[in-house]
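Remarks on the overall topology
The chain contents come next:
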Amino acid sequence: MALFLAYDPSSNPLNTNEWAFPVCEVLHILGFAVGIGTITMVNIRLLGLGLKKESPADLWKGTFPWTLAGLALVLITGPLIFSSDPNMYLRNEGFRFKITMLVLALLYHYTIYRWVALNKTSGGAAVMAGLISLLLWISVVFGGIFIAFV
Amino acid sequence: MPPEFVQALQDMSIATALRESALVFPVILSLHLTGMGLFGGLILMTDLRILGIALTKHPVSDIVNGLRPWKHLGLTLTATCGALLLWSKAAIYYPNPYLWIKLTLFALIIIHSLVFRGVYRNIGDLDRSPAIPGRAKLAAALSIVLWISVVTAGRWIGYWEPKGAPVNAAQVVN
């Protein structure tokens with residue numbers, strides 16, 4: 001935290017250029033729509049709610065590059081947005097919650113969730129994996145919005 | 001100045017309660033974004049499949065028909081929350097040009113769905129066709145452009161300020 005105390009964001013282009021900040025936000029939203037949207041496709045299948053002609057493993061493989069691209073866009077624009085006012089974000093409860101859930105969601109997604117998607121087609125493990133994934137990603141979105149309201 | 005009925009809409013007790021609640025307003029906004037997050041990506045993946053860019057191992061009809069009910073659910077969630085947000089600040093948003101751009105884009109999306117109705121109705125034809133016809137690709141490409149424009153206009157609503165008038169930051173944020 002001390003790292004940012006001496007940093008003066010007032011010369012950051014995100015704060016001096018009228019367009020920079022909202023453009024980052026739009027890309028951030030598009031990125032998470034692609035990232036979370038593609039994860040939702042695998043979730044729909046794991047939860048047994050649809051896409052039953054495809055296997056979860058095939059959906060995981062087919063959506064993999066798009067999920068990664070979406071998350072990459074989010075992970076590039078997120079730190080940019082953060083750089084506009086690091087000290088505010090670090091103190092913000094919504095931000096802290098969001099980052100905690102994001103780290104959990106990413107770790108979960110590329111370990112346990114990945115294994116279930118590649119190895120299970122239905123059953124309790126598949127349903128649990130899908131529910132936990134949904135809950136984690138929705139928490140990230142809620143945390144992000146609450147940054148502006150806490 | 002917004003017409004009287006717009007002010008009256010905003011002044012209704014439910015709208016006022018929603019606008020002034022420290023919890024309900026951000027929860028509805030979060031659900032608006034959750035709807036986009038969970039289902040906006042589905043629109044893009046459908047379009048990318050039709051364009052032959054993504055999910056090419058899966059038949060077009062499986063993806064388009066399989067995702068349709070989920071896109072409808074997501075659209076319903078996002079649009080309902082959006083309508084509630086708009087209602088709660090109807091008079092505040094009324095002069096905002098980006099609101100009107102966004103509404104115009106929705107009109108274009110409805111026109112798009114009518115013009116290209118045949119493409120989506122007979123999506124099974126694409127499974128049997130050796131190459132994706134240009135008309136289907138045009139429909140998918142326009143869909144991507146329109147939806148990205150909607151998100152962009154939506155975000156810009158939060159950045160427009162009426163000229164001259166002192167701005168109440170709490171009303172403008174998001």
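Each value, and the rule that gives it
Residues numbered from 1 in each chain as written. Chains lettered and ligands numbered in written order. Predicted model: local features only at pLDDT ≥ 70, side-chain atom pairs only at ≥ 80, totals over all residues. Helix = DSSP H or I, 4+ residues; strand = E, 2+ residues; numbered from the N terminus. Buried ≥ 20, exposed ≤ 12 C-beta atoms within 10 Å, placed from the backbone. Contact = placed C-beta atoms within 7 Å. pLDDT = per-residue confidence, 0-100. Nonpolar A, V, L, I, M, F, W, Y, C, P; charged D, E, K, R; others polar. Expected span 1.5 Å × (residues − 1). Core = buried A, V, L, I, M, F, W, Y, C linked by C-beta atoms within 7 Å. Bend = angle between axes of the 7 residues up to and from the residue. Axes fitted to C-alpha atoms, helices over the stretch in contact; angles between N-to-C directions. Parallel < 35°, antiparallel > 145°, perpendicular 65-115°, else oblique. Left-handed = near helix turned anticlockwise from the far one by under 90°.

A word on the overall build of chain B. For chain B, the helix and strand inventory stands at ten helices and zero strands. Secondary structure elements in chain B, listed N-terminal to C-terminal, are α-α-α-α-α-α-α-α-α-α. The proportion of buried residues among the 174 residues of chain B is 32%. Within chain B, residue pairs in contact and separated by at least 24 positions form 78% of the contacts whose partners lie at least 6 positions apart.

Attention shifts here to unusual backbone geometry. Its identity is not glycine, yet Leu51(A) carries a phi of approximately 50°, on the positive side. Backbone geometry at Leu55(B) places phi at a positive 55°, although glycine is not the residue there. Leu55(B) sits in the buried class, given 23 other C-beta atoms within 10 Å.

For chain A, the average pLDDT comes to 93, and 96% of its residues sit at 70 or higher. Confidence scores differ between elements of chain A, with helix 1 (residues 2-5) of chain A showing the lowest mean pLDDT of 62 and helix 6 (residues 93-119) of chain A the highest of 97.

Contacts between the two partners involve 29 residues from chain A, matched on the other side by 31 residues from chain B. Where the side of chain A that touches chain B is concerned, the elements lending two or more residues are helix 3 (20-46), helix 4 (56-83) and helix 7 (124-146) of chain A. If you tally residues by element for the side of chain A that touches chain B, the top one is helix 3 of chain A, at 14 residues. Here the side of chain A that touches chain B is composed, by residue class, of 19 nonpolar, six polar and four charged.

Now for helix 7 of chain A. Compared with the 33 Å implied by 1.5 Å per residue over 23 residues, the 33 Å span of helix 7 of chain A between its first and last C-alpha is a close match. Ala126(A), Ala129(A), Gly130(A), Ser133(A), Trp137(A), Val140(A), Val141(A), Phe142(A), Gly143(A), Gly144(A), Ile145(A) and Phe146(A) are the residues of helix 7 of chain A that are buried. Where helix 7 of chain A is buried, its residues contact helix 3, helix 4 and helix 6 of chain A together with helix 3 (24-50) of chain B.

Our next topic: the nonpolar core. The biggest cluster of nonpolar side chains holds 60 residues, and the ones touching the most others in it are Ala33(A), Met41(A), Val42(A), Leu42(B) and Met45(B). At the level of secondary structure, the elements contributing two or more residues to this core comprise helix 3, helix 4, helix 6 and helix 7 of chain A together with helix 3, helix 4 (60-88) and helix 9 (134-157) of chain B. Leaving out residues up to four positions away in the same chain, Val42(A) has contacts with Pro56(A), Leu59(A), Trp60(A), Thr63(A) and Ala117(A). Judged by nonpolar contacts, the second largest core, of eight residues, contains Ala90(B), Val150(B), Ala153(B) and Ile157(B).

Residues and elements named next belong to chain A. For helix 4, built from 28 residues, the straight-helix expectation of 40 Å at 1.5 Å per residue is met to within 8% by its first-to-last C-alpha distance of 38 Å. Along helix 4, the largest kink reaches about 45° and is centred on Thr-63; proline Pro-65 follows within four residues of it. Every buried residue of helix 4 is accounted for by Pro-56, Leu-59, Trp-60, Gly-62, Thr-63, Trp-66, Thr-67, Gly-70, Leu-71, Val-74, Thr-77 and Gly-78.

It is worth spelling out the confidence of the model for chain B at this point. Mean pLDDT over chain B: 90, with 94% of residues reaching 70 or higher. Confidence scores differ between elements of chain B, with helix 10 (residues 169-172) of chain B showing the lowest mean pLDDT of 49 and helix 6 (residues 97-115) of chain B the highest of 96.

What follows deals with the environment of Phe64(A). Relative to the assigned elements, Phe64(A) resides in helix 4. Along the primary structure Phe64(A) and Val42(A) are separated by 22 residues, whereas in three dimensions their C-alpha atoms are 10.0 Å apart.

A word on the packing of helix 6 of chain A against helix 7 of chain A. All names here are of chain A. At their nearest, the axes of helix 6 and helix 7 sit 8 Å apart, and the two run at 155° to each other. By the angle class used here, helix 6 and helix 7 are roughly antiparallel. Here the hand of the crossing between helix 6 and helix 7 comes out left-handed. Every residue of helix 7 that contacts helix 6 at Gly-94, Phe-97, Lys-98, Met-101, Leu-102, Leu-104, Ala-105, Tyr-108, His-109, Ile-112, Tyr-113 and Val-116 is listed here: Ala-125, Ala-126, Ala-129, Ile-132, Ser-133, Leu-136, Trp-137, Ser-139, Val-140, Gly-143, Gly-144 and Phe-146.

Note that Val23(A) resides in helix 3. C-alpha of Val23(A) to C-alpha of Met88(A): the two residues are 65 residues apart in sequence and 20 Å apart in space.

A separate point is the packing of helix 3 of chain B against helix 4 of chain B. Residue and element names in this part refer to chain B. One can describe the packing of helix 3 onto helix 4 by two numbers: an axis separation of 8 Å at closest approach and a directional angle of 150°. With respect to helix 4, the axis of helix 3 lies roughly antiparallel. The two elements helix 3 and helix 4 cross, and the hand of that crossing is left-handed. In terms of residue class, the contact of helix 3 with helix 4 is made up of 20 nonpolar, seven polar and two charged.

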